[in-house]
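Chain and residue survey
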Amino acid sequence: VLEEEKEGAPSGENDDGRGGRPSRAPQRVSPMDVEKVRYVLKDLVREWSAEGAVERAQSFDKITALLCDCFPRGPAGFEGFPPGRRPRVLIPGCGLGRLVLDIAEHGFEVEGNEFSYYMLFTSAFMMNHAARKDQFQIFPYCLTSCNNRCDGDQCRPV
């Protein structure tokens, strides 16, 4: 839109009739983008819902417990660290950030890195805008017609 304005398209040309931006033909969403959204929705279930608690316990809890065993905390902080200093943990491919949050809750200084813009966008929303548990409902299976026991499972909220 900015380039069209810079090129000198007169105001109102290609207007949508409401005085807004020039109208454009709707663009199709690529299959790759649809698949990424499906993946993010399923990860939201695993990382942020009560439904994903068992899977998180099988993986995230073990990692957190191992870190806590390797870096025990005493009354003055982490053993072997000067007062006020904490062990630093890097989590590459941190997905939606739940493991980062869980480890940080144990007092570690944590940094998560993620390559996927879809994951970064969603994790930023979850960490910065979710104010309470079960604040949002999602429908993670609405785009998937397989592995559902009945038709209602596809439209089931989480």
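It should be emphasised that the depicted structure is a prediction, and the values quoted were computed from it without experimental measurement. (Residues numbered from 1 in each chain as written. Predicted model: local features only at pLDDT ≥ 70, side-chain atom pairs only at ≥ 80, totals over all residues. Heavy atoms only, no water.)

**A look at the side chain of D43**
Residue position: D43 is located in helix α2 (residues 31-48). Looking at D43, the relative accessible area reads 5%, which means it is buried. (Helix = DSSP H or I, 4+ residues; strand = E, 2+ residues; numbered from the N terminus. Buried < 20%, exposed > 50% of the residue type's maximum accessible area, 1.4 Å probe, protein only.)

**Here we look at the pattern of salt bridges**
Across all of its chains, the model carries 6 salt bridges by this definition. With a shortest N-O distance of 3.0 Å, E35 and R38 are connected by a salt bridge. Of this pair, E35 and R38 both sit in helix α2, 3 residues apart, which is roughly one turn of the helix. Overall, the relative accessible area of 42% leaves E35 in the partly exposed class. (Salt bridge = Lys/Arg side-chain N within 4 Å of Asp/Glu carboxyl O.)

**Let's talk about the layout of surface pockets**
The probe, sized like a water molecule, is rolled over the atoms to show the empty space still left. Reported here for the largest pocket is a volume of approximately 600 Å³. Considering the residues around the largest pocket, the lining is formed by 22 residues, among which W48, S49, M126, R132 and D134 are closest to the centre. Counting only elements with at least two residues in the lining of the largest pocket, the list comes to α2, α4 (98-104) and α5 (117-129). Of the residues belonging to the lining of the largest pocket, the class tally is 13 nonpolar, 3 polar and 6 charged. (1 Å grid on protein atoms, 1.4 Å probe; cavity = no way out; pocket = protein on both sides within 12 Å on 5 of 7 lines; lining within 4 Å. Points joined across faces, edges and corners; volume = space filled by probe spheres on them. Nonpolar A, V, L, I, M, F, W, Y, C, P; charged D, E, K, R; others polar.)

**Observations concerning the packing of α2 against α5**
At a minimum axis distance of 10 Å, the contact between α2 and α5 shows a crossing angle of 35 degrees. In this structure, α2 meets α5 at a crossing whose hand is right-handed. In this structure, α2 contributes D33, K36, V37, Y39, V40, D43, L44 and W48 to the contact, and α5 contributes Y118, M119, T122 and M126. Of the residues in the contact of α2 with α5, the class split is 8 nonpolar, 1 polar and 3 charged. (Axes fitted to C-alpha atoms, helices over the stretch in contact; angles between N-to-C directions. Left-handed = near helix turned anticlockwise from the far one by under 90°. Contact = heavy atoms within 4.5 Å.)

**A few points about the nonpolar core**
As a rule of thumb, nonpolar side chains are buried together in soluble globular proteins. Formed by F60, L67, F78, V89, I91, C94, L99, V100, I103 and F108, the largest nonpolar core amounts to 10 residues. Counting only elements with at least two residues in this core, the list comes to α3 (53-70), β3 (88-92) and α4. Per-element tally for this core: the top contributor is α4, with 3 residues. Other than its neighbours up to four places away in sequence, I91 contacts L99, V100, I103, V110, E111, G112 and N113. (Core = buried A, V, L, I, M, F, W, Y, C linked by side-chain atoms within 4.5 Å.)

**Concerning the packing of α2 against α3**
Interaxial distance between α2 and α3 falls to 7 Å at its minimum, and their mutual angle equals 75 degrees. Here α3 runs roughly perpendicular to α2, going by the angle between their axes. Residues V45, R46, E47 and W48 of α2 form the contact with α3, whose participating residues are E55, R56 and F60. A class-by-class count of the residues in the contact of α2 with α3 yields 3 nonpolar, no polar and 4 charged. (Parallel < 35°, antiparallel > 145°, perpendicular 65-115°, else oblique.)

**Examining the confidence of the model for the chain**
Looking at the chain, the pLDDT average stands at 85 and 86% of residues meet or exceed 70. When pLDDT is averaged over each element of the chain, β3 comes out on top at 97 and helix α1 (residues 2-6) at the bottom at 41. Low pLDDT, under 50, characterises residues 1-13; the stretch is placed with 7 contacts to residues that sit more than four places away or in other chains. (pLDDT = per-residue confidence, 0-100.)

**Let's talk about the pairing of strand β4 (residues 109-113)**
Note: β3 against β4, 5 bridges, orientation parallel. Directly across from I91, in β4, lies its bridge partner G112. In this view, the connection linking β3 to its parallel neighbour β4 by way of α4 has right-handed handedness. (Pairing = 2+ DSSP bridges. Right-handed = clockwise from strand over helix to strand, strands pointing away.)

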